[in-house]
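Letter by letter, the chains look like this.
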Amino acid sequence: MQDSSENTTEHAGAGLYQSRFEHDACGFGMFVQLDDQPQRRLVDAALEALNRLTHRGAIAPDGLTGDGCGILLRKPKAYLRALALESAIALGERFASGLVFVDPNNPAPALAALTACLHSEGLTAVDFREVPTDHSAIGAQAKLSVPAVRQLYVSAPASMLEERFERALFIARRKAELALAADNYFYVVSLSQHSFGYKGMVMPSALKLFFPDLQRPDLAASAVLFHQRFSTNTLPQWRLAHPFRVLAHNGEINSIEGNRSWMRARGAILQSPVLDFRALQPVVSMHGSDSQSLDNMLEALLLGGLDLLCAIRILLPPAWRDDETLSDDARAFYEYFSLPMEPWDGPAGLVMLDQRFAACCLDRNGLRPARWLLTRDRVLAVASEAGVFDVPARDIIKKGRLGPSEMLAVDFRSGELLNSLAIDSINAARAPFGKWLREGVKNVISDLVDPNLAAEPFPNQLLAQFQRTFGLTREERDSVLKVLAEAEVEATGSMGDDTPMAVLSHKPRSLYDYFRQAFAQVTNPPIDSLREHGVMSLVTPLGAEGNVFELDAKHARMVVLNSPILSQRKLRQLVLMPELVGPAQKGYGLLDLYYAPELGLQAAIKNLCVQAEALVQGGVVLLLLSDRYPKPGLLPVHALMATGAIHAHLIAAGLRCQCNLLVETGSARDSHHFACLIGFGATAVYPYLAYQTLYALKAAHAIHASVGDERQLGRSYRRGIRKGLLKIIAKMGISTIDSYRGAQLFEIVGLQTEVVNLCFPHTVSRVGGADFAMLQADQAKLSAEALPSAPGVSNINQQLDAGGLLKFVQGGEYHAYNPDVINTLQEAVRSGDYAIYQRYAEHVDSRSPAMLRDLLAIKPMRAPISIDEVEPEAMLLKRFDSAGMSLGALSPEAHEALAIAMNRLGARSNSGEGGEDPARYGTEKSSKIKQVASGRFGVTAEYLINAEVLQIKIAQGAKPGEGGQLPGHKVDALIARLRFAKPGIGLISPPPHHDIYSIEDLAQLIFDLKEINPAALVSVKLVSHAGVGTIAAGVAKCYADLITISGYDGGTGASPLSSIKYAGTPWELGLAETQQTLRRNGLRGRVRVQTDGGLKTGLDVLKAAALGAESFGFGTAPMVALGCKYLRICHLNNCATGIATQHPQLRKQFFTGLPEMVENYFRFIVRDVRERMAALGIRSIEELVGRTDLLAQTAGQTPKQRGLDLSPLLSEAGLIEASRSCVRPDNPPHDQAELAKRMLADTQLAIEQKLGGTFSYTVQNHNRSLGARLSGAIARKHGNYGMRDAPITLKLRGSAGQSLGVWNAGGLHIELEGEANDYVGKGMADGKIVVYPPADAGFIARDAAIIGNTCLYGATGGELYAAGLAGERFAVRNSGATAVVEGVGAHCCEYMTGGVVLVLGRTGLNFGAGFTGGFAYVLDVERDFVDRYNHELIDITRVSPESLENHVQHLDRLIGAHIKATGSAWAKTIAADFRAYLPKFWLVKPNAASLQSLIETLKRAA
Amino acid sequence: MSQKDPFAFFKIPRKMPTILPVTVRVLAHHEIYGSYDQEAAGEQSARCLDCGNPYCEWKCPVHNRIPEWLKLVEEGKIFEAADLSYSTNPLPEICGRVCPQDRLCEGACTLNIGPNMSAVSIGAVEKYISDTAIAQGWRPNMAGVIKIGKRVAIVGAGPAGLSCADGLIRGGAEVTVFDRQPEIGGLLTFGIPGFKLEKSVVQQRRSLLEEMGVRFQLGVEIDAGAFAALYQEYDAVYLALGTYTAKQQLGIDTASAGVYPALDYLVRNAYDLLAIKTAEPAIDLRGLRVVVLGGGDTAMDCNRTAVRQGAAKVTCAYRRDEQAMPGSRREVANAKEEGVQFQFNVQPMGLQYQDGKLVGVQVLETRLGLPDQRGRRSAEVIPGSERVIAADAVLVAFGFDPSPPDWLAQHGIALHSDGRVQVHSERFSTSAVGIYAGGDMVRGSDLVVTAVFEGREAAKAILAELTAASKPSDIQQAA
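Definitions and limits used
- Residues numbered from 1 in each chain as written.
- Chains lettered and ligands numbered in written order.
- Predicted model: local features only at pLDDT ≥ 70, side-chain atom pairs only at ≥ 80, totals over all residues.
- Heavy atoms only, no water.
- Helix = DSSP H or I, 4+ residues; strand = E, 2+ residues; numbered from the N terminus.
- Buried < 20%, exposed > 50% of the residue type's maximum accessible area, 1.4 Å probe, protein only.
- Contact = heavy atoms within 4.5 Å.
- Areas by Shrake-Rupley, 256 points an atom, 1.4 Å probe, with all protein chains shown as cover.
- Lys, Arg positive; Asp, Glu negative; His and termini not counted.
- Charge placed at Lys NZ, Arg CZ, Asp CG, Glu CD.
- pLDDT = per-residue confidence, 0-100.
- Buried area = accessible area lost by both parts, 1.4 Å probe.
- Salt bridge = Lys/Arg side-chain N within 4 Å of Asp/Glu carboxyl O.
- Core = buried A, V, L, I, M, F, W, Y, C linked by side-chain atoms within 4.5 Å.
- Axes fitted to C-alpha atoms, helices over the stretch in contact; angles between N-to-C directions.
- Parallel < 35°, antiparallel > 145°, perpendicular 65-115°, else oblique.
- Nonpolar A, V, L, I, M, F, W, Y, C, P; charged D, E, K, R; others polar.
- Polar contact = N/O pair within 3.5 Å; in protein donor to acceptor, adjacent residues only side chain to side chain.
- Domains from an automatic or database assignment.
- Pairing = 2+ DSSP bridges.
- Left-handed = near helix turned anticlockwise from the far one by under 90°.
- Phe/Tyr/Trp six-rings, centres within 6.5 Å; stacked < 30°, edge-to-face > 60°.
- Lys NZ or Arg CZ within 6 Å of the ring centre and 35° of its normal.
- Arc of directions from axis to C-beta.

**Q** If you had to explain the overall build of chain B to someone new, which residues and values would you point to?
**A** Looking only at helices and strands, chain B has 20 helices and 16 strands in total. Considered along the principal axes of its C-alpha atoms, chain B spans approximately 75 × 65 × 45 Å. Going through the 479 residues of chain B one by one, you find that 56% of them count as buried. Pairs at least 24 apart in sequence give 69% of the contacts found in chain B among residues at least 6 apart. Accessible area for chain B stands at about 19600 Å²; split by element, carbon and sulfur atoms hold 51% of it. Here chain B contributes 49 positive and 56 negative side-chain charges, whose respective centroids are spaced 3 Å apart.

**Q** Tell me what's going on with the confidence of the model for chain A, and back it up with residues and numbers.
**A** For chain A, per-residue confidence averages 93 on the pLDDT scale, and 98% of positions sit at 70 or higher. Every residue in residues 1-13 of chain A is under pLDDT 50, and counting partners more than four places away or in other chains gives 60 contacts.

**Q** Please give an account of the interface of chain A and chain B that cites residues and values.
**A** Between chain A and chain B, the contact holds 43 residues from the first and 41 residues from the second. Approximately 3500 Å² of surface area, both sides summed, lies buried where chain A meets chain B, with 58% of it carried by carbon and sulfur atoms. Sorting the residues of chain A by area buried against chain B places Asn795, Gln810 and Phe1150 of chain A first, and these three jointly supply 17% of that buried surface. Where chain A packs against chain B, one counts 2 salt bridges.

**Q** Give me the lowdown on the nonpolar core, citing residues and values where you can.
**A** Residue and element names in this part refer to chain A. Ranked by size, the top nonpolar core spans 308 residues in total, and within it Ile1347 and Phe1370 carry the most contacts. Ranked by the residues each element gives to this core, the list is headed by helix α38 (residues 1155-1176), at 11 residues. Other than its neighbours up to four places away in sequence, phenylalanine 1370 contacts Ile1347, Cys1351, Leu1352, Leu1360, Ala1379, Val1381, Val1384, His1387, Cys1388, Cys1389, Glu1390 and Val1397. In this structure, Ile89, Tyr187, Phe211 and Leu214 belong to the second largest nonpolar core, which totals 120 residues.

**Q** How would you sum up the packing of helix α9 (residues 308-315) of chain A against helix α11 (residues 420-428) of chain A? Please name residues and give values.
**A** All names here are of chain A. Interhelical geometry of α9 versus α11 gives an angle of 100° and a closest axis separation of 10 Å. The orientation of α9 with respect to α11, classified from their angle, is roughly perpendicular. Contact with α9, carried on its side by Leu309, Cys310 and Arg313, involves Ser420, Ile423, Asp424, Ile426 and Asn427 of α11 and no other residues of that element. Split into classes, the residues belonging to the contact of α9 with α11 amount to 4 nonpolar, 2 polar and 2 charged.

**Q** For the pattern of salt bridges, give the residues involved together with the corresponding values.
**A** All names here are of chain B. Applying the stated criterion to the full structure yields 129 salt bridges over all chains. Of the charged contacts in the structure, one is a salt bridge between glutamate 210 and arginine 206, with a shortest N-O distance of 3.0 Å. Here the residue glutamate 210 and the residue arginine 206 both occupy positions in helix α12 (residues 199-212), the gap between them amounting to 4 residues, near one helical turn. Residue class for glutamate 210 comes out partly exposed when judged on its relative accessible area of 35%. Assessed through its relative accessible area of 21%, arginine 206 is described here as partly exposed. Via salt bridges that share partners, Arg25, Arg304, Arg308, Arg330, Glu331, Glu337 and Glu338 belong to a single interconnected network.

**Q** Explain the side chain of lysine 127 of chain B residue by residue, including any values.
**A** Residue and element names in this part refer to chain B. When you line up the elements, lysine 127 lands in helix α9 (residues 122-135). The class of lysine 127 is buried, set by a relative accessible area of 7%. From its side chain, lysine 127 meets the backbone oxygen of glycine 34 in a polar contact 3.2 Å long.

**Q** Break down unusual backbone geometry for me, with residues and values.
**A** All names here are of chain A. The step from histidine 242 to proline 243 runs through a cis peptide bond, and the omega angle for that step is -10°. Residue placement: proline 243 occurs in the loop between β9 (223-231) and β10 (247-251). Unlike most non-glycine residues, serine 405 shows phi in positive territory, near 60°. In this fold, serine 405 is placed in the loop between β16 (396-401) and β17 (407-411).

**Q** Residue-level account of the domain arrangement of chain B, with values.
**A** All names here are of chain B. When the domains of chain B are assigned, the result is domain 1 (8-135), domain 2 (151-243 + 402-468) and domain 3 (248-399). The gap between the C-alpha centroids of domain 2 and domain 3 is 30 Å. Between domain 2 and domain 3, the contact holds 12 residues from the first and 13 residues from the second. Taken as a group, Phe190, Phe195 and Lys196 account for 49% of the area that domain 2 buries against domain 3, more than any other trio of residues on that side.

**Q** Could you give an account of the sheet that holds strand β19 (residues 441-443) of chain A, naming the residues involved and the relevant values?
**A** Picture the strands of a sheet paired through backbone hydrogen bonds; they go either parallel or antiparallel. Residue and element names in this part refer to chain A. The strand order across the open sheet formed by 3 strands is β19-β23-β22, and the pairing between neighbours is mixed. Only two strands of the sheet have a single partner each, and these edge strands are β19 and β22 (540-542). For this sheet the average axis-to-axis angle between neighbouring strands, irrespective of direction, equals 30°. Across 3 bridges, β19 lies against strand β23 (residues 558-561) in parallel orientation. When the bridges of β23 are listed, asparagine 443 appears paired with valine 560. Here helix α12 (residues 433-440) sits on the sheet in contact with β19 and β23, set at roughly 55° to β19.

**Q** Give a detailed account of the packing of helix α10 (residues 328-338) of chain A against α11 of chain A, specifying residues and quantitative values.
**A** Residues and elements named next belong to chain A. Running from N to C, α10 and α11 point in directions that differ by 65°, and their axes come no closer than 8 Å. Accordingly, the angle class assigned to the pair α10 and α11 is roughly perpendicular. The two elements α10 and α11 cross, and the hand of that crossing is left-handed. Touching Asp329, Ala330, Phe333 and Tyr334 of α10 are Asp424, Asn427 and Ala428, all from α11. Tallied by class, the residues present in the contact of α10 with α11 amount to 4 nonpolar, 1 polar and 2 charged.

**Q** Quick one: what's the story with the packing of aromatic side chains, residue by residue and with numbers?
**A** Tallied over the entire structure, the rule returns 58 aromatic pairs over all chains. Plain terms: the ring middles of phenylalanine 1150 of chain A and phenylalanine 9 of chain B are 5.7 Å apart, the flat faces sit at 90° to each other, and that makes the pair edge-to-face. Within this pair, whereas phenylalanine 1150 of chain A is found in helix α37 (residues 1144-1150), its partner phenylalanine 9 of chain B is found in helix α1 (residues 8-11), the two belonging to separate chains. Phenylalanine 1150 of chain A sits in the buried class, given a relative accessible area of 2%. Using a relative accessible area of 2% as the deciding quantity, one classes phenylalanine 9 of chain B as buried. Summarising the aromatic geometry, the rings of tyrosine 86 of chain B and tryptophan 138 of chain B are spaced 5.6 Å apart at their centres and angled 90° between planes, so their arrangement reads as edge-to-face. Within this pair, whereas tyrosine 86 of chain B is found in helix α6 (residues 78-88), its partner tryptophan 138 of chain B is found in the loop between α9 and β1 (151-155), the two being separated by 52 residues in sequence. On the basis of relative accessibility, which here comes to 6%, the residue tryptophan 138 of chain B falls in the buried class. Grouping aromatic residues by their ring pairs yields a cluster made of Phe101, Tyr187, Phe196, Tyr198, Phe210, Phe211 and Trp238 of chain A. Sitting over the face of the ring of phenylalanine 95 of chain A, lysine 77 of chain A holds its NZ or CZ atom 4.8 Å from the ring centroid. Taking the ring centre of phenylalanine 937 of chain A as reference, the NZ or CZ of arginine 979 of chain A above it sits at 5.3 Å.

**Q** Break down the pairing of strand β50 (residues 1393-1399) of chain A for me, citing the residues and quoting the values.
**A** Residue and element names in this part refer to chain A. Among the 7 residues in β50, 7 count as buried, and that is most of the element. Taken together, the 5 bridges between strand β49 (residues 1375-1381) and β50 define a ladder with parallel strand orientation. Bridging from a neighbouring strand, alanine 1379 pairs with valine 1397 of β50.

**Q** So what about the side chain of asparagine 1304 of chain A? Which residues, and what values?
**A** All names here are of chain A. Position of asparagine 1304 relative to the elements: it lies in the loop between β45 (1288-1296) and β46 (1308-1316). In this structure asparagine 1304 comes out as buried when scored by relative accessible area, which is 0%. Polar contacts involving the side chain of asparagine 1304 include one to the main-chain carbonyl oxygen of leucine 1308, which spans 2.9 Å. Those residues within four positions of asparagine 1304 in sequence are excluded, and the remaining contacts are Ser1271, Ile1310, Gly1323, Met1324, Ala1325, Asp1326, Gly1327 and Lys1328.

**Q** Quick rundown of the sheet that holds strand β53 (residues 1481-1486) of chain A? Include the residues and the values.
**A** All names here are of chain A. On the basis of which strands lie adjacent, the open sheet formed by 10 strands has the order β44-β45-β46-β47-β48-β49-β50-β51-β53-β52 and mixed pairing. Each of the sheet's edge strands pairs with one partner strand only, and the pair in question is β44 (1253-1259) and β52 (1434-1438). Sheet twist, expressed as the mean angle between neighbouring strand axes with direction ignored, is 15°. Judged from the 5 bridges that link them, β46 and strand β47 (residues 1328-1332) form a sheet pairing that is parallel. Residue pairing across strands places glutamate 1313 opposite tyrosine 1332, the latter belonging to β47. Relative to strand β48 (residues 1359-1362), helix α44 (residues 1445-1462) is tilted by about 65°, and along the sheet it contacts β47, β48, β49, β50, β51 (1413-1419) and β53.

**Q** Which residues make up helix α45 (residues 1465-1472) of chain A, and what values go with them?
**A** Every α-helix carries 3.6 residues per turn, so stepping three or four residues along brings you back to the same face. All names here are of chain A. For α45, the set of buried residues is Trp1466, Ala1467 and Ile1470. Across the axial projection of α45, the buried residues extend over an arc of 100°, all falling on one side. Structural note: α45 exposes Ala1465 and Ala1472 on the side pointing more than 90 degrees away from its buried face. Lining the buried residues of α45 we find β51, α44, α46 (1474-1477) and β53. Near the N-terminus of α45, the side chain that reaches the backbone nitrogen of tryptophan 1466, with its oxygen 3.3 Å away, is that of serine 1464.

Here you go:
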């Protein structure tokens, strides 16, 4: 959930923090009595559940202020009447009530205004009861903003119908909100006849203390929603606690900006037959939190006449397009409503309550956990975790978990419990959607071959002129366009982007270069668009949008494109389609982007907006923005500026939904360009210049299709772009292009406010930069130079420019690692000559400003001091880390040389994401920082205990939002062994950590790490982007000890080019924002801050320190010291310096690096730092950290540089905390893990002396990461496998908290009677985990959820037996564990590379995506597994006794082991009739693996 | 697309084109290197790693787009490669032959880090591109040239002058090149021996330039009067007169019998080979013991020419060690192969005569002293180490100083104290309006490719000023 501010330009003088960057996540749930019987115990249970979910919330530094919690009750009528009676309030039969927050010092005006609004709707505010509150129950921070609370009673005339009353309440409230917009206290918690809410910024345990009313025994309700909030920020607001009026939300709406704008755009047409919203605009709040906006939206749909089952399915549809298991009618329902409403996309667990239903549902990807159970006395309990509702197992008749997009609803009218299927049937029956769509929707067939690419090819000279006008270089043509068309994927590159941000460049740069893609980190997950492709969609409808409240065949009249990237043929088809350009629409509207320079760019754009408005007013549906027809002397408006401005203008005019913006432009060529255009409102894009360029390449025989047929290069190009586009939207956690369109998910670096306000309103842009005149001058230069010939200019200049953005080219863009820099650095470290280092530093420090820091100068702190007064070398060296670079990306020689050097220096090296050879543990070759990244390669108990720092790599500077890549040819036997992978098979880490889908998940992972290695510090690596400071604040509240902020210029071994170029921002911005946000929230003293990204010299170090870093990461520079020449071929395994290769000969013959070279480099840096400190009068880094007052902005060299305003980086406004740096040794968690400590004490002797033994405990859901302490102790003493023969058995009963058996080591056996939550056996290396239900359970075990999501994630060995169902992503990234479960959720065995999984029951969708090693057996009784597995990499074979004798025996053994471990009744049934069940089993294996090889594996294992 | 083998660079060894065996090549003055065939050129080009930092391009004084044209050669696209090669270097076939690649592009090549990993053979490929393209009919593309109606005179048809002529003609100027020699090329023709650069190559370039519209007036001595006329007649004049004054050293008097300045020797030999009749015949060293003083490329040219003339013994004496030699390693190696004896660390002190006939060079041994400001270690003589190297003839190749004609001063063209012409670093303009200068006479004697670079840049600057002057106002700047 994001808080958003109305005002996007709030930065002036206030630093980099903006309140809209806030996020949160939570624990949530609901308890419902199906027969609508109000019960006090449900209220008690909800308050207790909140308590047990405390670890999912966060606590402010004052230790008492929670981020917010609350409950929403269904019709506590008797209670409300009793309260009224006590206050002598007379109520009629029909009344509504709700809490109102008001200004404690002056409540009267708000109450009066509300009363008046109610009155104007024909209602009577009967009274405002003063609600007792106990301020001793809340923390100091909460007290600062605590409101007075009044309980409002409203009555309606008897003649007013129930529904009319409810709408009148809504209208009155909405009007009051508009009238009281300036009153920061005024807020209506709820106001309804049907529900009544309490909430506040209190700890869960304090809710009923703060509101003593909650303790009244007569408070009974038949349904209670509850929610506990974790905000990344410690300035949460009372009003933003959940539940809202209709829902409580755990998750984050990634597409919120787009959804809000579209709702604003719909404002003018949003009318229901029963309610006219036009006077109530905006219906959806444009600020507050995303959850609040979603609540507004849902409430509006409900009051407009839709019922809850329909409304929520419109807002959060499943991934219906590719789901083969969905009925045609249901799909038609979803498709029909996809036309007038884009999905509200992002992770979501929702509980909702209205007058008829209580419901719960998840997003399409199942990114939040929700477990449920049904009791014998018909209470439905749903919560984030199992174990928050106390009920004996014998009284539970059903148990489950919600899967992706699953929904459960209680219909109070009938008392029925509805599941997804039932809800789909109800929805599908609302109208003949299928028929309407068949008649109304016209699909434009895109797969027609377009053999010409361009029907009218440009002659060469004209083509060159276009190319030069739009800045297309040979480099882009050959490295970007050509590769896309040849291989249908983006080109891969290596190393980082070492060029300046566009605004700093001396060259005219593409406008798109000013836009940095947003990406998800921590508070929401990116989507794995490769392996979870099924949820993704680029389908784009065209036509005027219908009214969501009207069910009518006419709203199904739409033209549907399968992607927004148009071919020439498709564009021509569109502009001829009667549906779009018929007489009613008056053809299409052409907006020519060329303008006369003397008019000026700004005026030209405004003209376009006016023209667009007039055209749409006149009925035009298709607007075509085109720069395809140049005119002599005129300049093109950049298509992105035009698109953004027109889109924004049409939204403001309420016209955007009546039209579509097609963009015909030469400026769009790579996937980022398309993402920008669509992200700022384009409906579809026709990139004619890309096609024309490809056509010319084809004509010159300079391009050859490597996929398909050369006539289809255009199609191949589009496929490549589509993949890139999916990657970009997935990076932000968005799955459909509809949700991405207009969502403005970018940060602008380097545009002036005038440009942002006109063209890209509400987009984050914090440091100013280029204005219209400068952008116009750039284009004028390009256009002038593009002319075919000019007098006095050599005709050689008519060739395309060489380029130079990707690689260094003489005369091209500046590169920070240019040959001068590389050569002098290498000469310096090889000779050990400081004078040569100084020449190197001169190249860096005196470059023309290329990075933001180059525009900052350091002022002296004092008069110069003697160098002896500066802190010694050894102290400084401790502040230096090498950045994470994996063994795999690097050769063992290079990786070890780096580790040795850092260890000898007393600094720290970082293992990167690829494990470490156990032979290195305990030697000087061991890395002190061990990285934990999303692939979890080689992460075992032993790995984790051999570290001083455990770093969670959330994102990497070169490719934030994406996982690391290791091409197959770099996976040799050693690398495969360390990563538990298969030699020769490429490894692409998932974009998300599958155990971090939200901030509280990160807290859990940090807790896991601190449990296994209590001595280690935990570090979290983030990438700089708008809002990173707020995320860092959240990370600090997750109890991380260290935070690293990486700049966009970090390096990489392999990554798609557009990822290297367009994501992440300079670390200067991220670091300054982090420093400010932490200090704003009183968190800075708790956590150490590091920065990395292109640090090269002592001056860089000092500037980073002044901006707030207390330690410094170096990635590329030490590599260069070892001999890296910045070849950018790391991904090819042919590194000619022997560094980034596994090729034995190259490593042997070409690697010349020595640890001493790295040592020399760091010693040079330290000397440089110390000499500068002496000159500046600074005694220690500590003194300098965060002293932004010592930085001053220097004059830029270009107009754009001079247009930058870096004062927000230096601002100290609003920073409440005195400390500028960390003052504590570590950041210990609130949860003391008492039970785990007891377990360790009990077993200490057994571990030390390798005695083994059995120990019993009762557990609850808040006992998290159980076993980890023991595994850590075992690994420290005996390694991963050393205690196998003397196992310790933990016998547990109850509901275990998250991460049971995490990083389990050999010799630890955990047996749990009861149930467990998410992450069971995560990272397990060895040992055994068994989970089974109590013998007297009232439910059928094989139908009941017993373990949560993401179990066995990254396991490398061991066994898991669970007698029941597992959640989503079971055994994701498993590379060695053996597991038996009785059913699984979606994405089971995702990206598995080893191990065996037996599923004795149904699987969810997308089984085995990215599965390249190990194998699985699946029992397919329903015979629908074929529709449920991912066909890309695996094949399935029947397990027949004839051909697969070994497998039959193996399967039999596994079932036997499961029975022995769990006593599973279902397994016994199967075993008893094994021959009959055998034909129903599938053997699932990677299609690259032969059956024979599997049998060999079995034999070896036997 | 042909998926190129990323390991080509070390699977395929570096291979130069065939080289004439020593026994054959010393018999005449022809080029000793053969050419690649298409296959070999492609294979050798494929060794390029296409580095993120193209050190070759960075090191190259004209910044040839080397990785790009190597790729085109690999793909067999010779005309495209020629276009690209030509876009940065107007004389690629010449630079491909005479550049010291081992100190420039090939020396900087990422692969140049050890015996088994030798650099891509960039020079040979450069030569292959031009030779092959021109033989197949490729010609410089003159499309799109707009005549600007301005006339430029270039004095000096050496590399700087030719390079400037090429640039000017492509920018639409009318160009006439004057030279006192009867052939174009300057040192390319008269200094560099045919075994490095076949005379026909320069003549071929002459016809290409003439086809493009460049006019040559050869055999014309530009004296004060002639220059004044040119200055009157043309819109601009570009001077590229080179450096021809041999550096002198105490004790080695080039006027003495049996002692010849290197350039005299080489030029007269060139006349002989071109069958140009002159007053002074070629210096014939057949059967003599020859000592060449100096360690640069000119010294090597002398050594090897003497070998070809049939000298009895050729000794090259250099005052520093082999590492410190300024010339191309390749040429030193060739000289050694051809039988030249090297004596390092010897400082010539005087000449020894017997009966008026030269019999030897007196030398002192040297050792390397402390580095100077530029990091180069000076040679210090070791007292008492005198000895004599027997010699019937001595060729002096200590380098060259500028030879500024007197009329420069008459036109107010300012000189540096060492005689080099002062020019604006970007505009190449001298202190006299409309007079530009470049090449060795500005920079001091330097590489051919440096002169090419300066000529190219001067052409741009001259065009800019010629067209700016013709524009009615400052519209450009205002826009």
